[in-house]
Amino acid sequence: MLKRLPALESLRVLEAGARHANFTRAAAELGVTPAAVSLRIRDLEAELGVKLFRRSGPIVIPTEAGAALAGRVAQALGLIRSAVEDCRGAAEPLRVTAVPTFAMRWLTPRLAAYHALPDAVPIELDVSAELREGFDITIRTGPGGWPGFEATALMPVEATPMLSPALAAGLSSPADLAALKLLPHPDWRRWFREAGMEAPALRFYADDYPTHELDAAAAIEGAGVALLSPRLFGPLLRDGKLVQPFPHVIRGPAAHHILLRPGEARPAVLRFRDWLVDEARRPDAGSMPAA
């Protein structure tokens, strides 16, 4: 017949007393009086038939048996705390913030696949370019080096010219492209250079839009040529709304990064981060999932 285990509270008192080597400090941590700690330890020693502490004034020194039991109790309490946090975390939504174009063109279309997983949790999605507090996962674009965050590179920033089918008619070389109005982007000269030509005097569209999403909308309407990511805007190419006239794509040095606060992520957050990384590595990562 199995013997009854001591009360969990008595084992908690033992662990705290051994860790502090002082019943007064253990009592302060547990929110009880030093006398209550002493009584718990005496009762536990009587129940186990083993001396757990040697007393020398205010200092209490665990015996060999007391130290061994306290160490294993500490491990067990750690497992219990972890299990409780996992249970709590499963009920809490993940607070995710992402830059607008990435959120709309890559992340949101994939969330249905995430929610099909057995351990998925609800997502609260914020769309912003600002680096703000209060989120479990932050997705931002840049070269890296965000102070206070642990960054995981998800995918490089890519760009290639895209324009409406009507505007693309008759294009045969990048030189023809340079004669058209270009929607403002800092990497146009780099694209022409990597495509094999030094860009001549370029003509830019008058309006400078704050997001690539607006650049794409303007390009669809024939306002000019946009420098866009084929990974994010591939569906517009497949639907025939935009055309990619030349194969060259510039990549990096900036990338889309997942940012976490070191040591603060609960298991559900880490699982979502790992899922994002796996999705980005899929061969079809640049494609919009089928509806």
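- As recorded in an unreviewed UniProt entry, the protein chain goes by HTH lysR-type domain-containing protein and comes from Inquilinus limosus.
- In UniProt, the protein chain has this text filed under Sequence similarities (unreviewed entry): "Belongs to the LysR transcriptional regulatory family."

1. Points about the overall build of the protein chain
- Of the regular secondary structure elements, the protein chain holds 12 helices and 10 strands.
- Taken along the three principal axes of its C-alpha coordinates, the protein chain extends 95 × 40 × 25 Å.
- Per-residue burial for the protein chain yields a buried fraction of 41% across its 291 residues.
- For the protein chain, the exposed area adds up to about 15700 Å²; of that, 57% sits on carbon and sulfur atoms.

2. Observations regarding the packing of helix H2 (residues 23–30) against helix H3 (residues 34–48)
- Interaxial distance between H2 and H3 falls to 8 Å at its minimum, and their mutual angle equals 105°. Considered as vectors, H2 and H3 are oriented roughly perpendicular to each other. Contacts from Phe23, Thr24 and Ala27 in H2 reach Pro34, Val37, Ser38 and Ile41 in H3.

3. Regarding the packing of aromatic side chains
- Considering all chains together, one arrives at 9 aromatic pairs under this definition.
- Centre to centre, the rings of Phe23 and Phe53 are 5.3 Å apart; their planes meet at 80°, and the pair counts as edge-to-face. Here Phe23, found in helix H2, pairs with Phe53, found in strand S1 (residues 53–56); they are 30 residues apart in sequence, far enough to count as distant. Both residues of the pair, Phe23 and Phe53, belong to the buried class.
- Here the aromatic rings of Phe272 and Trp275 are separated by 5.7 Å at their centres, their planes lie at 25°, and the arrangement is stacked. In this pair, Phe272 and Trp275 both sit in helix H12 (residues 267–281), 3 residues apart, roughly one turn of the helix.
- Residue class for Trp275 comes out buried when judged on its relative accessible area of 10%.
- Connected via pairs of aromatic rings, a cluster forms that spans Trp188, Trp191, Phe192 and Phe246.
- Sitting over the ring of Phe149, Arg261 keeps its end group 4.0 Å from the ring centre.

4. With respect to the packing of helix H1 (residues 8–20) against H2
- At a minimum axis separation of 8 Å, H1 and H2 run at an interaxial angle of 130°. The angle between the axes of H1 and H2 places the two elements in the oblique class. Where H1 crosses over H2, the two elements pack in a sense that is right-handed. Seen from H1, the contacting residues are Arg12, Val13, Ala16, Gly17, Arg19 and His20; seen from H2, they are Phe23, Arg25, Ala26, Glu29 and Leu30.
- When the residues that make up the contact of H1 with H2 are grouped by side-chain class, the tally is 5 nonpolar, 2 polar and 4 charged.

What counts, and at which threshold
- Numbers given to residues run from 1 along each chain, matching the order in which its sequence is written.
- In view of the model being predicted, local features appear only for residues whose pLDDT reaches at least 70, and side-chain atom pairs are presented and counted only at 80 or more, with totals across whole chains, interfaces and linings using the full set of residues.
- Heavy atoms throughout the structure, all of them, feed into the side-chain values; hydrogens and water do not.
- UniProt positions are given in the numbering used here, feature names are shortened, and annotations may be inferred rather than shown by experiment.
- Helix and strand assignments come from DSSP, with helices taken as H or I runs of at least 4 residues and strands as E runs of at least 2, each series counted from the N terminus.
- Relative accessibility thresholds used throughout: buried, under 20% of the residue-type maximum; exposed, over 50%; partly exposed, between the two (1.4 Å probe, protein chains only).
- Computed with the Shrake-Rupley method and a 1.4 Å probe, the accessible areas treat only the protein chains shown as cover for residues.
- The axes used here are C-alpha line fits, helices contributing only the stretch in contact, and every angle between their N-to-C directions lies in the interval 0 to 180 degrees.
- If an angle is under 35 degrees, it is roughly parallel; if it is over 145, roughly antiparallel; if it lies from 65 to 115, roughly perpendicular; otherwise it is oblique.
- Should any heavy atoms of two residues lie within 4.5 Å, those residues are counted as being in contact.
- Classification of ring pairs rests on two measures: the distance between centres of Phe, Tyr or Trp rings, Trp counted by its six-membered ring, which must be within 6.5 Å, and the angle between planes, read as stacked under 30 degrees, edge-to-face over 60 and tilted in between.
- Both a distance and an angle decide whether a charge sits over a ring: NZ of Lys or CZ of Arg must be within 6 Å of the ring centre and within 35 degrees of the ring normal.
- Should the near helix be turned anticlockwise from the far one by less than a right angle, the crossing is termed left-handed; should it be turned clockwise, right-handed.
- In the scheme used here, Gly and all other residues not listed as nonpolar or charged are polar, with Ala, Val, Leu, Ile, Met, Phe, Trp, Tyr, Cys and Pro taken as nonpolar and Asp, Glu, Lys and Arg as charged.

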